[in-house]
Amino acid sequence: MKSDTTAPYAPRVILITGASGGIGAELAHHYAAPGRTLLLWGRNGQKLADLAAQCRSMGASVQTRQVDLCDGQAALNAYRADDAASTPDLVILGAGLSDIQTPDTTTEDPEKVLQLAQVNYSTPVALATAAAQGMAQRGGGRIALFGSVAAFYELPFAASYSSSKSGLAFFAKAAGLGWRQHEIAVTLLAPGFVDTPMSQRLEGPRPFLVSPKKAARLCARAIERKLPVYVFPWPFRVLEVLTRLVPQSLRERILLGLAVGQKDRA
Ligand SMILES: NC(=O)c1ccc[n+]([C@@H]2O[C@H](COP(=O)([O-])OP(=O)(O)OC[C@H]3O[C@@H](n4cnc5c(N)ncnc54)[C@H](OP(=O)(O)O)[C@@H]3O)[C@@H](O)[C@H]2O)c1
């Protein structure tokens, strides 16, 4: 589908994973409008039902799906069913898991590490690929993946989280390049701290905190502008450049000195 570059971007069918979460729900609100279909994925059925009711009251047509992204094959099957029935032209892969190692343990919990790898990397990468197959046949589309500024840093207390997001960022760059010829735009969204349940569990400062509503607005604008990578809020873009200039030994001392904890260990 060749887009009219002068018309405002108006996706017709949008699939959002992590729609039951802080940023995903705000994105659903942002896009809810008459004439638009939202396919909202999450695990929490009650949250999905409440969100669907809100989006319907804003005029959107809504379908919900309870999917556990730890089961990558089930997620792929579900995606293919939604793709065949509704042909999404924008897919936002927002679901994510985070975890922080406690100081009294030698490593992260291996089972949690496996879940993190599936929810943050393996399944979104597979879903993005399935989405691209369908979109390529239809002449194009847009795919957004949620990374994190954590991807820029080898966080010793969150090795699995920072590396899952780093891998996802690399995938987004490579796939975006590969799929450009099929009119598919890939955007990697890399937030700093957004005030959602995920960051509310952190013990420690959350500098430059952004509301979920503002995050959704910024992300939608980045998708509209087809930005390959969008890091927000802007101080994290500056920080990333500055930290690249720091010698490795000092970088390691700083990273090892960071004191970050987590409440409500799931
Ligand atoms: N908040 C931040 O400060 C921040 C910073 C950097 C990056 N991010 C990234 O932004 C994205 C959205 O985060 P958020 O802040 O909105 O987090 P959130 O409020 O904790 O929501 C997380 C979402 O992921 C879904 N999810 C988690 N595990 C899942 C699984 N196994 N299967 C299916 N869905 C699963 C949750 O579904 P249920 O609730 O239904 O279980 C929920 O919808 C994530 O990818 C996150 O890593 C967030």
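The present account deals with the structure reproduced in this document. (Residues numbered from 1 in each chain as written. Predicted model: local features only at pLDDT ≥ 70, side-chain atom pairs only at ≥ 80, totals over all residues. Heavy atoms only, no water.)

Quick look at the pattern of salt bridges now. Taken as a whole and assessed by the stated rule, the structure comprises 5 salt bridges. Residue Asp82 is joined to Arg65 by a salt bridge in which the shortest nitrogen-to-oxygen separation is 3.0 Å. Residue Asp82 is found in helix α3 (residues 72-86), and its partner Arg65 is found in strand β3 (residues 61-66); the two are separated by 17 residues along the sequence. Taking relative accessible area as the criterion, Asp82 reaches 7% and is therefore assigned buried. Across the pair Arg244 and Glu240 runs a salt bridge whose closest N-O atoms are separated by 3.0 Å. Here Arg244 pairs with Glu240, and both are found in helix α8 (residues 235-244), just 4 residues apart, close to one helical turn. (Salt bridge = Lys/Arg side-chain N within 4 Å of Asp/Glu carboxyl O. Helix = DSSP H or I, 4+ residues; strand = E, 2+ residues; numbered from the N terminus. Buried < 20%, exposed > 50% of the residue type's maximum accessible area, 1.4 Å probe, protein only.)

A surface patch of nonpolar side chains, about 460 Å² in accessible area, is lined by Trp234, Val238, Leu242 and Leu245. Looking at the secondary structure, you find Trp234 in the loop between β8 (229-232) and α8. You can call Trp234 exposed: its relative accessible area is 56%. (Patch = residues over 30% accessible without salt bridge, like charges linked within 9 Å, V, L, I, M, F, W, Y side chains within 5 Å. Areas by Shrake-Rupley, 256 points an atom, 1.4 Å probe, with all protein chains shown as cover.)

The next thing to look at is the site of the ligand. Near the ligand there are 31 residues, and of these Ser20, Asn44, Leu69, Val194 and Thr196 occur at the shortest range. One of the backbone N or O atoms of Ile23 is found 2.9 Å from an oxygen atom in the ligand. Within the backbone of Asn44, a nitrogen or oxygen atom sits 2.7 Å from an oxygen atom of the ligand. When isolated, the ligand has an accessible area of 890 Å², and the protein chains bury 92% of it. At the level of elements, α1 (22-31), α5 (159-179) and α6 (197-200) are the ones that each hand at least two residues to the shell around the ligand. The residue inventory of the shell around the ligand, partitioned by class, reads 14 nonpolar, 13 polar and 4 charged. (Near = heavy atom within 4 Å. Polar contact = N/O pair within 3.5 Å; in protein donor to acceptor, adjacent residues only side chain to side chain. Nonpolar A, V, L, I, M, F, W, Y, C, P; charged D, E, K, R; others polar.)

Counting residues in hydrophobic clusters, the biggest one holds 43 residues, and the most contacted among them are Trp41, Leu69, Tyr79, Leu127, Ile143, Leu145 and Trp179. Of all the elements in the fold, those that place two or more residues in this core are β1 (13-17), β2 (37-42), α3, β4 (90-93), α4 (110-138), β5 (141-146), α5 and β6 (184-191). It is α4 that provides the largest number of residues to this core, a total of 9 residues. Membership of the second largest hydrophobic core comes to 34 residues, among which are Ile23, Ile92, Phe146 and Ala215. (Core = buried A, V, L, I, M, F, W, Y, C linked by side-chain atoms within 4.5 Å.)

Most of β5 sits inside the fold, with 6 of its 6 residues counted as buried. Of the two faces of β5, the one carrying Gly141, Ile143 and Leu145 and the one carrying Arg142, Ala144 and Phe146 are both buried. Here β4 runs beside β5; their pairing, made up of 4 bridges, is parallel. Within β5, the residue paired with Ile92 across the bridge is Ala144. Remark: the β4/α4/β5 crossover connection has right-handed handedness. Sheet analysis places β5 next to β6, joined by 6 bridges and oriented parallel. Its bridge partner being in β6, Leu145 is matched across the sheet by Leu188. In terms of handedness, the path from β5 via α5 over to β6 forms a crossover that is right-handed. (Pairing = 2+ DSSP bridges. Right-handed = clockwise from strand over helix to strand, strands pointing away.)

Right, let's get into unusual backbone geometry. Residues other than glycine predominantly adopt negative phi, and peptide bonds predominantly adopt the trans conformation. Following Phe232, the chain continues into Pro233 via a peptide bond in cis, with omega recorded as -5°. With respect to the helices, strands and loops of the structure, Pro233 is situated in the loop between β8 and α8. Backbone geometry at Glu183 places phi at a positive 65°, although glycine is not the residue there. Looking at where Glu183 falls in the secondary structure, it is placed in the loop between α5 and β6.

Right, let's talk about a positive patch on the surface for a bit. Residues Lys213, Lys214, Arg217, Arg221, Arg225 and Arg237 make up a contiguous surface patch of positive charge. Of the residues forming the positive patch, the biggest block, 4 residues, is contributed by helix α7 (residues 212-224). With respect to the helices and strands, Lys214 occurs in helix α7. With relative accessibility at 39%, the residue Lys214 sits in the partly exposed group. (Lys, Arg positive; Asp, Glu negative; His and termini not counted. Charge placed at Lys NZ, Arg CZ, Asp CG, Glu CD.)

Taken together, 7 strands build an open sheet; the order of strands is β3-β2-β1-β4-β5-β6-β8 and the sheet is parallel. Pairing within the sheet leaves two strands with one partner each, and these edge strands are β3 and β8. Strand after strand, the sheet turns through a mean of 15° between neighbouring axes, direction not considered. Here α3 sits on the sheet and contacts β1, β2, β3 and β4; the angle it forms with β2, its principal contact strand, is near 170°. Contacts from α7 reach β4, β5, β6 and β8 within the one sheet, and its direction differs from that of β8 by about 160°. (Axes fitted to C-alpha atoms, helices over the stretch in contact; angles between N-to-C directions. Contact = heavy atoms within 4.5 Å.)

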